[in-house]
Amino acid sequence: MATFPNYAWSHQRLFSFTHTPRHGRYFITVKSKGADQKTKAALLLLEKDLEAFATSRKISMATARGSSPKRKTVATTFNQIGIVVPYDKKMDVGYRPLPLTNRALHKLLTSIVESKDVNSKHHDKLCEELQEMITFVQFANDECDYGMGLELGLALFCHGQPLFHSQIDHLLPLAYQLLNRNVFAKITRLHLRYGTRSKRRSQSK
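Quick caveat: nothing in here was measured; it's all calculated off a predicted structure.

Quick look at the pattern of salt bridges
For step 1, the next point in the chain: Per the stated rule, a full pass over the model turns up 4 salt bridges.
For step 2, the next point in the chain: Across the salt bridge formed by E143 and R96, the nearest N and O atoms sit 2.6 Å from each other. Of the two residues, E143 sits in the loop between α4 (120–142) and α5 (147–159) while R96 sits in the loop between α2 (40–56) and α3 (102–115), which places them 47 residues apart along the sequence.
For step 3, the next point in the chain: What makes R96 partly exposed here is its relative accessible area of 23%.
For step 4, the next point in the chain: In this structure, the salt-bridge partner of D145 is R96, at a minimum N-O distance of 2.7 Å. Here the residue D145 occupies a position in the loop between α4 and α5, and R96 occupies one in the loop between α2 and α3, the gap between them amounting to 49 residues.
For step 5, the next point in the chain: You can call D145 buried: its relative accessible area is 5%.
For step 6, the next point in the chain: One network of salt bridges, in which partners are shared, links R96, E143 and D145.

Structure follows, in structure tokens:
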């Protein structure tokens, strides 16, 4: 059975790609953030519901921070979370780095988006560079280096542009399945289908 992460992060897409670690447990994160909010009545009800849910499932609501997830990462992604995959250092199997640094990858993805309706030749050339990396991921998967596909898929996902949805759908669910994290593959596909505000509005009509 797969082990699921128990770290909570926050993200403000309009301001940056960076995610900020909040706590070792989701329930504690919600509770600690709630203490600083203005809508006290609603938050008190939420806190009671969280505590009741946690108690019924024997989940600790202690406020001590969990261990840092950074210690377990094999690579740092440009959103600063990093990825955790099984990696055999002796055999060098499980992860291989992308050919671009985080900064260069961020620049490439942004340039692809910005050039889409401006310069078709330049746009096509940039897309070829991304496609080459996707090909590298396919080779990596064949050699059990599943972390590479996870890293690239998450980079595309966190960039937040619908333009990359087809590549995300190709890379990320497969990476999760190869890593025996099937529930995250399902979540990814659901998010791609319903995750944007415009899609949620169209589905509700």
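The discussion continues.
So, the environment of T76
For step 1, the next point in the chain: Looking at the secondary structure, you find T76 in the loop between α2 and α3.
For step 2, the next point in the chain: As a C-alpha pair, T76 and N102 span 26 residues in sequence and 8.2 Å in three-dimensional space.

Some thoughts on the environment of E132
For step 1, the next point in the chain: With respect to the helices and strands, the residue E132 is situated in helix α4.
For step 2, the next point in the chain: For E132, a relative accessible area of 45% corresponds to the partly exposed category.
For step 3, the next point in the chain: Here the alpha-carbon distance between E132 and P99, two residues 33 residues apart in the chain, equals 9.9 Å.

Some points on the nonpolar core
Most often, soluble globular proteins keep nonpolar side chains buried together rather than apart.
For step 1, the next point in the chain: Core analysis: the biggest nonpolar cluster contains 32 residues, and L105, L109, L130, L150, L152, L156 and F164 have the highest contact counts within it.
For step 2, the next point in the chain: When residues of this core are traced back to their parent elements, those giving at least two are α3, α4, α5, α6 (165–178) and α7 (182–194).
For step 3, the next point in the chain: Beyond its immediate chain neighbours, meaning those up to four positions away, L109 contacts F78, L130, A155, L156, H159 and F164.

Cut-offs and rules
- Residues numbered from 1 in each chain as written.
- Predicted model: local features only at pLDDT ≥ 70, side-chain atom pairs only at ≥ 80, totals over all residues.
- Heavy atoms only, no water.
- Salt bridge = Lys/Arg side-chain N within 4 Å of Asp/Glu carboxyl O.
- Helix = DSSP H or I, 4+ residues; strand = E, 2+ residues; numbered from the N terminus.
- Buried < 20%, exposed > 50% of the residue type's maximum accessible area, 1.4 Å probe, protein only.
- Core = buried A, V, L, I, M, F, W, Y, C linked by side-chain atoms within 4.5 Å.
- Contact = heavy atoms within 4.5 Å.

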